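An overview of the molecular structure
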Amino acid sequence: MSQLQARFFTANKKYVIDDVPFSIPAGSEVLDLSNVINKLLEANNVSHSQVEFDFLVRGQFLRTSLASHMDTEGISTEEVVEIEYVEKITAPQPEECMMHDDWISSVQADSEWILTGSYDKTARIWSLEGKAVMTVAGHTDVVKDVAWVKRDGLTSLLLTASMDQTVLLWEWNSERNKLKARHCCRGHAGSVDTIATDPTGTKFCSGSWDKMLKIWSAVPTEEEDEVEEAPSRPRKKQKTEQLGLTRTPIKTLAGHNEAVSSVLWSDSDEVCSASWDHTIRMWDVETGGTKTTLTGSKVFNCVSYSPVCRRLATGSSDRHIRLWDPRSSDGSLVLLSLTSHTGWVTAVKWSPSHEHQLVSGSLDNMVKLWDTRSCKAPLYDLAAHEDKVLCVEWTESGLMLSGGADNKLYTFRYSACDSDAGA
């Protein structure tokens with residue numbers, strides 16, 4: 001077996017070894033290299049206990065033998081190869097399972113509570129331990145998306161968006177466990193499929209089947225807005241039963257030619273939207289105009305933005321997750337494709353703290369944890385769901401969540417290695 005010259009390095013001070021070239025077999029795989037590093041660490045420190053390592057060659061995880069990886073990547077075997085090692089990420093462990101009476105369409109967690117939306121026309125608030133705390137009932141049709149607005153002491157504001165064409169703004173007191181609908185946001189002419197709160201918690205954006213995005217105030221008031229009724233439309237009798245005071249949008253952002261599937265705020269004055277018209281658009285909220293358009297070849301179902309690596313991740317009907325640089329002048333340039341799902345990618349979410357990691361969900365019933373340095377295969381497949389996965393989420397405290405058509409919301413405990421956070 002031929003030998004290679006390799007130099008190993010790591011950003012983790014705890015596991016540093018001598019910076020000298022070693023001669024290793026070209027057929028070495030991850031486990032072999034991990035044993036080499038552990039033996040070197042033991043030689044320096046008798047009390048060292050075995051650690052599982054992963055290895056990166058030129059920024060890509062090693063998933064084959066060293067020789068075949070270098071061959072694929074076109075790296076010369078004549079020179080000393082630089083190999084970075086990081087602590088291997090352990091598989092996320094399923095913790096809790098929560099149930100709705102119908103499909104779970106959406107989930108958003110804050111530091112203390114989990115908010116879910118369901119096809120059973122309700123949203124629910126849960127503790128992180130999986131205890132149902134409150135049912136949010138008020139919509140006359142499927143709840144398609146949910147969002148926390150902000151928390152002020154024991155009072156939280158939250159949003160629910162529905163196929164009934166409205167968004168409800170709710171106020172919830174967690175100590176008294178009392179819920180009140182403050183505003184009913186009217187203006188869309190189709191199902192409201194996606195909502196996102198701005199970073200200041202004072203505005204939110206909604207996206208709809210009617211192809212429009214709308215910007216609204218998220219600050220509760222005692223004022224009611226006038227809705228302009230089309231003269232031909234008969235007045236609905238249920239006016240008296242409406243929950244909360246009517247609110248109308250501050251602004252409408254028009255430009256998409258098909259349904260808007262997903263919206264987010266990349267900063268306080270920029271909104272990003274994904275659509276079935278095969279485009280991702282970045283909008284200037286102040287002017288209402290499009291700043292950038294990224295064009296794909298298929299329907300976009302979801303989009304996520306990472307402030308850590310400043311990249312967009314999208315999920316499409318062709319089973320691929322794609323990464324984009326929203327600032328690039330060439331809006332059609334895909335930086336990377338992650339391919340492993342066998343059905344539509346319905347949900348994608350970047351890690352809040354790790355620039356390389358994201359989680360995805362698909363109609364193939366699978367949740368996948370990815371590291372963008374290994375684009376050919378996910379780090380882990382999480383096969384808990386018995387039906388389509390419709391939403392995924394990631395909390396600051398290291399919980400991953402997924403909801404789907406089996407009416408279940410799963411939480412997975414996950415510990416990212418600190419050593420790898422800045423890698």
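Analysis parameters
Along every chain, residues carry numbers that run from 1 in the direction the sequence is written. Selection of residues for local features in this predicted model requires a pLDDT of at least 70, selection of side-chain atom pairs for listing and counting requires 80 or more, and totals for whole chains, interfaces and linings are taken over all residues. Values reported for side chains reflect all heavy atoms of the structure, with hydrogen atoms and water molecules removed beforehand. Strands are runs of DSSP state E lasting at least 2 residues, helices are runs of H or I lasting at least 4, and numbering of each runs from the N terminus. Radius of gyration: over C-alpha atoms. The globule rule applied is 2.2 Å multiplied by the number of residues raised to the 0.38 power. Throughout, exposure labels follow a simple rule: accessible area from a 1.4 Å probe, protein chains only, divided by the maximum for the residue type, with under 20% read as buried, over 50% as exposed, and the rest as partly exposed. For Phe, Tyr and Trp, where Trp contributes only its six-membered ring, two rings pair if their centres lie within 6.5 Å, and the inter-plane angle classes them as stacked under 30 degrees, edge-to-face over 60, or tilted in between. Following DSSP output, two strands are said to pair if at least two bridges run between them. Angles run from 0 to 180 degrees between N-to-C directions of axes, and those axes are lines fitted to C-alpha atoms, restricted for helices to the stretch in contact. For our purposes a nonpolar core is just a set of buried Ala, Val, Leu, Ile, Met, Phe, Trp, Tyr and Cys residues, chained together by side-chain atoms within 4.5 Å. Between two residues, a contact is recorded if the distance between any of their heavy atoms is within 4.5 Å. In what follows, a disulfide is any cysteine sulfur pair within 2.5 Å. Relevant arc is that of directions from the helix axis to the C-beta atoms, nothing else.

Our next topic: the overall build of the chain. Scanning the chain from terminus to terminus reveals 2 helices and 34 strands. Rg of the C-alpha trace for the chain: 24 Å, near the compact-globule value of 22 Å for 423 residues, within the 12% margin. Its C-alpha atoms give the chain principal-axis dimensions of about 80 × 45 × 35 Å. Every one of the 423 residues in the chain was classed for burial, and the buried ones make up 53%.

On to the packing of aromatic side chains, then. Inspection of every chain in the model, using the stated rule, returns 14 aromatic pairs. With a centroid separation of 6.2 Å and 50° between ring planes, the pair formed by F8 and F22 is classed as tilted. Of this pair, F8 sits in strand β1 (residues 3-9) while F22 sits in strand β2 (residues 22-25), and the two are 14 residues apart along the sequence. Residue classification places F8 among the buried positions, given a relative accessible area of 2%. Residues F55 and Y85 carry aromatic rings whose centres are separated by 6.4 Å and whose planes lie at 40° to one another, so their mutual orientation is tilted. Taken together, the residues F55 in strand β3 (residues 53-57) and Y85 in strand β5 (residues 81-87) connect sequence positions 30 residues apart. Like Y85, F55 is buried.

Turning next to the environment of K298. With respect to the helices and strands, K298 occurs in the loop between β23 (290-295) and β24 (300-306). Spatially, the C-alpha atoms of K298 and T346 are 13 Å apart, while their sequence positions differ by 48 residues.

So, about the sheet that holds strand β17 (residues 213-217). Ordered in space as β15-β16-β17-β19, the 4 strands form an open sheet in which the pairing is antiparallel. A strand with exactly one partner marks an edge of an open sheet, and here the two such strands are β15 (192-197) and β19 (251-253). Within the sheet, the average angular offset between the axes of one strand and its neighbour, ignoring direction, is 25°. Sheet topology places β15 next to strand β16 (residues 203-208); 5 bridges connect them, and they run antiparallel. Of the residues in β16, the one forming a bridge with A196 is C205.

As a further point, take the nonpolar core. Here is a general trend for soluble globular proteins: nonpolar side chains tend to be buried in one another's company. Grouped together as the largest cluster of nonpolar side chains are 23 residues, with contacts concentrated most on F8, F55 and I83. Counting residues per element, the ones that place at least two in this core are β1, β2, α1 (30-44), β3, α2 (66-73) and β5. Residue contributions to this core peak at 4 residues, all from α1. Beyond its immediate stretch of four places on either side in the chain, F55 contacts F8, V30, L33, S34, I37, Q60, F61, L62, I83, E84 and Y85.

Now for the environment of V142. Mapped onto the elements, V142 comes out in the loop between β10 (132-137) and β11 (143-152). The exposure class assigned to V142 is buried, which follows from its relative accessible area of 9%. Along the sequence, V142 and I280 sit 138 residues apart, while their C-alpha atoms lie 25 Å from each other. Filtering out sequence-adjacent residues up to four positions away, V142 remains in contact with S118, Y119, K121, A161, S162 and M163.

This brings us to unusual backbone geometry. Phi at Q165 is positive, roughly 75°, even though this residue is not glycine. Residue placement: Q165 occurs in the loop between β12 (155-162) and β13 (166-173).

Turning our eyes to something else, we now look at the sheet that holds strand β33 (residues 399-404). Overall, antiparallel pairing links the 4 strands, which are arranged β6-β34-β33-β32 in an open sheet. Looking at the sheet topology across the chains shown, the edges are occupied by β6 (93-99) and β32 (389-394). Strand-to-strand twist in this sheet, taken as the mean axis angle between neighbours without regard to direction, amounts to 20°. For β6 and strand β34 (residues 408-413), the ladder comprises 6 bridges, and the chain directions are antiparallel. Of the residues in β34, the one forming a bridge with C97 is Y410.

Scanning all chains against the criterion turns up 0 disulfides. C185 provides the cysteine sulfur closest to C184, a residue in no disulfide bond, and the two sulfurs are 6.8 Å apart. Residue class for C184 comes out buried when judged on its relative accessible area of 3%. Residue C309 stays outside any disulfide, its sulfur separated by 13 Å from that of C272, the closest cysteine.

Residues separated by three or four positions in an α-helix point in the same direction, a consequence of the helix having 3.6 residues per turn. Burial in α2 covers these residues: L66, H69 and M70. Burial along α2 is one-sided: seen end-on, the buried residues are contained in an arc of 95°. Opposite its buried face, α2 presents the exposed residues D71 and T72, each directed more than 90 degrees away. Taken together, the buried residues of α2 touch β1, β2, β3, β4 (60-61) and β5.

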